[in-house]
Every structure is written in structure tokens, then in C-alpha cells.
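What the coordinates show
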Amino acid sequence: MPQQGMQVFSAFRGIDFIIVAAFGAIFGSFYNMLIYRIPREISVISPGSTCPKCGHRLTWKENIPIVSYIFLKGRCAACSSRIPLRYIIVEIVTPLAFLLAYWRHGLNSTFFMETIFFSLLILITFTDLETYLIPDIYSIGGTLLGLLLSGVNPIVTWRESLLGAIVGGTILFLISFVYFRLRGREGLGGGDVKLMVMIGAFTGYKGVVVTMFVSAITGLMAGIIVMVRKKEGLSTMIPYGPFLALGAFVAYLWADKLMEIYISFVFS
Ligand SMILES: [Zn+2]
């Protein structure tokens, strides 16, 4: 009978992944509300979800993650104004992040730490893309969480977490300071510096180094694409937070591997 036991177990494994994904989608839907409301300083508790254009209060049928967006064809049921694509993107990316953490760890304290970290990166990415702001509640709050949760963080000790926060903040502060002195205007904002403090708290000083590389390369590529398409030259403003967040994600998962590859290249 052990075989049958295995089958029941594997069927159960399938169901738990679905439950994790569903929770992820619900959280994603909540994050969409935060992305809209936090920078505008609207209460996140009440009222419930409304259309930003006409104020229509969403019914529960219009508020099911992913499903409602598809059935409403991306439009408000009352005024039929477009619901930004960001809503469905966040409702898909968040469950994927939750599934990744669950697949890596199962349901333990590291899973919670990891979903918190990934959630912060999602919130920061989409808030910065829309408003060019990184709210302190994410970056400073996230730094505190990164330090507090270092005990269940698989890639840093609490010392490395603290050192990462200090190194991350210092490096980005110096870069933004030098840039400001050379160009006479702000290239990296204070929000980016505070975000890097948070990233350091979650990924350590090695993570800071990898985040710097990945964000510089991807940010430069995106910058070139935007410049060519908009023909605005160097004055084109693109938020840097999403690239730092992407870098942090890569660093969290693969910092050690990437450092190994890099060192073997340099010293071979
Ligand atoms: Zn509407």
C-alpha cells in the first residue's frame, strides 16, 4: 500500500500549490490597491475597492483576482474606462513569487520571510514605475523587517544583514552625491538610497554588489531603449527602483553563484 500513499500525497502536493497560488492572487489584488493608495495617502482600510475614474464600488464578482479582469475585458463595469494592465500583471506576478518561495521552502518561517521580501520588491517596482516614488513605509519598514527576519533568512546572518544595509546605503548615497555634483541635478533619489539599504538588509554586502551590477546593466539597456524610442536624449527620466528591485531578486537567488562565476573569470 505505500504506493497508494504516495499518490494521495502527490495529489495533496498539487492542491497545496493551488492554495498558495490563490493566496498569492488575493495578496496581489491587495497590493494593487496599496500601489494606488499609498502614494496618494488614501486610507487602505476603507472604502473597499473602487474605480479610480468614476468611484464605482466594486462588487465581489468584479473583485476576483485575474478572473474579473478577464471577464470585464480590462474595463470598469460602470464607466467602462480602462483598468491599467498593471492590475493583472501584479495579480499574476505575486502568486508566482509565492509559488517560488513555497517550492523552495515549503510552509515554514523562511517562506514567510521570502514572500515578504518578494512582496516589497513588487510593491516598490510598480509604485515607482507609476509615481517615481518609493514610499518610506516600504523601504524603511522593509529594512527593519530585513534585519528582524535575518534569523530565518537563508543567505545572511544578522551581522551580514546589518553590514549589507550599511554598505548598500553608503554606496548608493556616494554615487548619488557624486552624480549630483557632476551633473548639477539629481540622478538617483533619496528613495533609491533607502531602497538599497533595505536590499542590503535582505541580501547582505555580496547581494549589494550583485544588485549594483544587475541594476546598472538592465537600467542602462532600458535607458537606451527609451531614449531611442522617445528621442529625448539624456534628459529622459526613468525610475531606477524597478531595476534595483530586479537586481535584488537576482542577487537574493543567485548572488553566490554569480560571484563565483565572476571571480573565476577574473582570476583565470
Ligand atoms: Zn469606473
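Thresholds applied
Residues numbered from 1 in each chain as written. Predicted model: local features only at pLDDT ≥ 70, side-chain atom pairs only at ≥ 80, totals over all residues. Heavy atoms only, no water. Helix = DSSP H or I, 4+ residues; strand = E, 2+ residues; numbered from the N terminus. Rg over C-alpha atoms; globule rule 2.2 N^0.38 Å. Buried < 20%, exposed > 50% of the residue type's maximum accessible area, 1.4 Å probe, protein only. Contact = heavy atoms within 4.5 Å. Areas by Shrake-Rupley, 256 points an atom, 1.4 Å probe, with all protein chains shown as cover. Lys, Arg positive; Asp, Glu negative; His and termini not counted. Charge placed at Lys NZ, Arg CZ, Asp CG, Glu CD. Axes fitted to C-alpha atoms, helices over the stretch in contact; angles between N-to-C directions. Parallel < 35°, antiparallel > 145°, perpendicular 65-115°, else oblique. Left-handed = near helix turned anticlockwise from the far one by under 90°. Nonpolar A, V, L, I, M, F, W, Y, C, P; charged D, E, K, R; others polar. Donors = N, O, S within 2.8 Å, 3.2 Å for Na, K, Ca; no water. Tetrahedral: all angles 85-135°; square planar, octahedral: opposite > 155°, others 65-115°. Phe/Tyr/Trp six-rings, centres within 6.5 Å; stacked < 30°, edge-to-face > 60°. Lys NZ or Arg CZ within 6 Å of the ring centre and 35° of its normal. Domains from an automatic or database assignment. Buried area = accessible area lost by both parts, 1.4 Å probe.

So, on to the overall build of the protein chain. Scanning the protein chain from terminus to terminus reveals 8 helices and 0 strands. Order of helices (α) and strands (β) in the protein chain, N terminus to C terminus: α-α-α-α-α-α-α-α. A globule of 268 residues ought to have a C-alpha radius of gyration of about 18 Å, and the protein chain, at 21 Å, matches this closely. Dimensions of the protein chain along its principal axes, counting C-alpha atoms only, are 60 × 55 × 35 Å. Looking at the protein chain residue by residue over its 268 residues, the buried ones come to 40%. Contacts in the protein chain between residues at least 24 apart in sequence constitute 68% of all its contacts with a sequence separation of at least 6. Of the roughly 15600 Å² of accessible surface on the protein chain, a fraction of 71% belongs to carbon and sulfur atoms. Treating the 21 positive side-chain charges of the protein chain as one cloud and the 14 negative ones as another, the clouds have centres 7 Å apart.

Below, the discussion takes up the packing of helix 3 (residues 86-105) against helix 4 (residues 109-131). Helix 4 packs onto helix 3 with a crossing angle of 160 degrees between their chain directions and a minimal axis gap of 9 Å. What the angle tells us is that helix 3 and helix 4 run roughly antiparallel. The handedness of the crossing between helix 3 and helix 4 comes out as right-handed. Counting all contacts with helix 3, which are made through Arg-86, Ile-89, Val-90, Val-93, Thr-94, Ala-97, Phe-98, Leu-100, Ala-101, Tyr-102, Arg-104 and His-105, the residues of helix 4 involved are Thr-110, Phe-111, Glu-114, Thr-115, Phe-118, Ser-119, Ile-122, Phe-126 and Glu-130. Looking at the contact of helix 3 with helix 4 residue by residue, the class counts come to 12 nonpolar, 5 polar and 4 charged.

Within the protein, the zinc ion binds to Cys-51 (SG), Cys-54 (SG), Cys-76 (SG) and Cys-79 (SG); these donor distances fall in the range 2.3 to 2.4 Å. For the zinc ion, the 4 donor atoms in the first shell make angles of 103 to 116 degrees at the metal, a pattern classed as tetrahedral. Here the donor residues of the zinc ion are spaced in sequence according to C-x2-C-x21-C-x2-C. On the accessibility criterion, Cys-54 (37% relative accessible area) is partly exposed.

What follows deals with the packing of aromatic side chains. Taken as a whole, this structure holds 14 aromatic pairs when the rule is applied. Here the aromatic rings of Phe-17 and Tyr-102 are separated by 5.1 Å at their centres, their planes lie at 80 degrees, and the arrangement is edge-to-face. Taken together, the positions of Phe-17 in helix 1 (residues 2-40) and Tyr-102 in helix 3 put the pair 85 residues apart, joining distant regions of the chain. Aromatic side chains Phe-118 and Tyr-252 sit 5.9 Å apart centroid to centroid with 90 degrees between the ring planes, which places their arrangement in the edge-to-face category. Of the two residues, Phe-118 is situated in helix 4 and Tyr-252 in helix 8 (residues 241-266); the sequence distance between them amounts to 134 residues. For the pair Phe-118 and Tyr-252, a shared accessibility class is recorded, and that class is buried. Against the face of Tyr-36 rests Arg-40, its NZ or CZ located 3.9 Å from the ring centre. Lying over the aromatic face of Tyr-87, Arg-86 brings its terminal NZ or CZ to 4.3 Å of the ring centre.

With that settled, consider the packing of helix 4 against helix 5 (residues 136-148). Contact geometry for helix 4 and helix 5: axes closest at 11 Å, N-to-C directions at 165 degrees. The angle between the axes of helix 4 and helix 5 places the two elements in the roughly antiparallel class. Helix 5 is crossed by helix 4, and the crossing has left-handed handedness. Facing helix 4, whose interface residues are Ile-116, Leu-120, Leu-123, Ile-124 and Thr-127, helix 5 presents Tyr-138, Gly-142 and Leu-145. Taken together, the residues that form the contact of helix 4 with helix 5 break down as 6 nonpolar, 2 polar and no charged.

This part covers the domain arrangement of the protein chain. Along its sequence, the protein chain is carved into domain 1 (9-107) and domain 2 (110-268). Using only C-alpha atoms to locate each centre, domain 1 and domain 2 end up separated by 25 Å. Contacts between the two partners involve 19 residues from domain 1, matched on the other side by 21 residues from domain 2. When domain 1 packs against domain 2, the two sides together hide about 1700 Å² of surface, and 78% of this comes from carbon and sulfur.

A positive phi is found at Lys-73, a non-glycine position, where the angle reads about 50 degrees. Unusually for a residue other than glycine, Tyr-132 sits at a positive phi of about 60 degrees. Tracing the chain through its elements places Tyr-132 in the loop between helix 4 and helix 5. On the basis of relative accessible area, Tyr-132 is assigned to the partly exposed category, the value being 43%.

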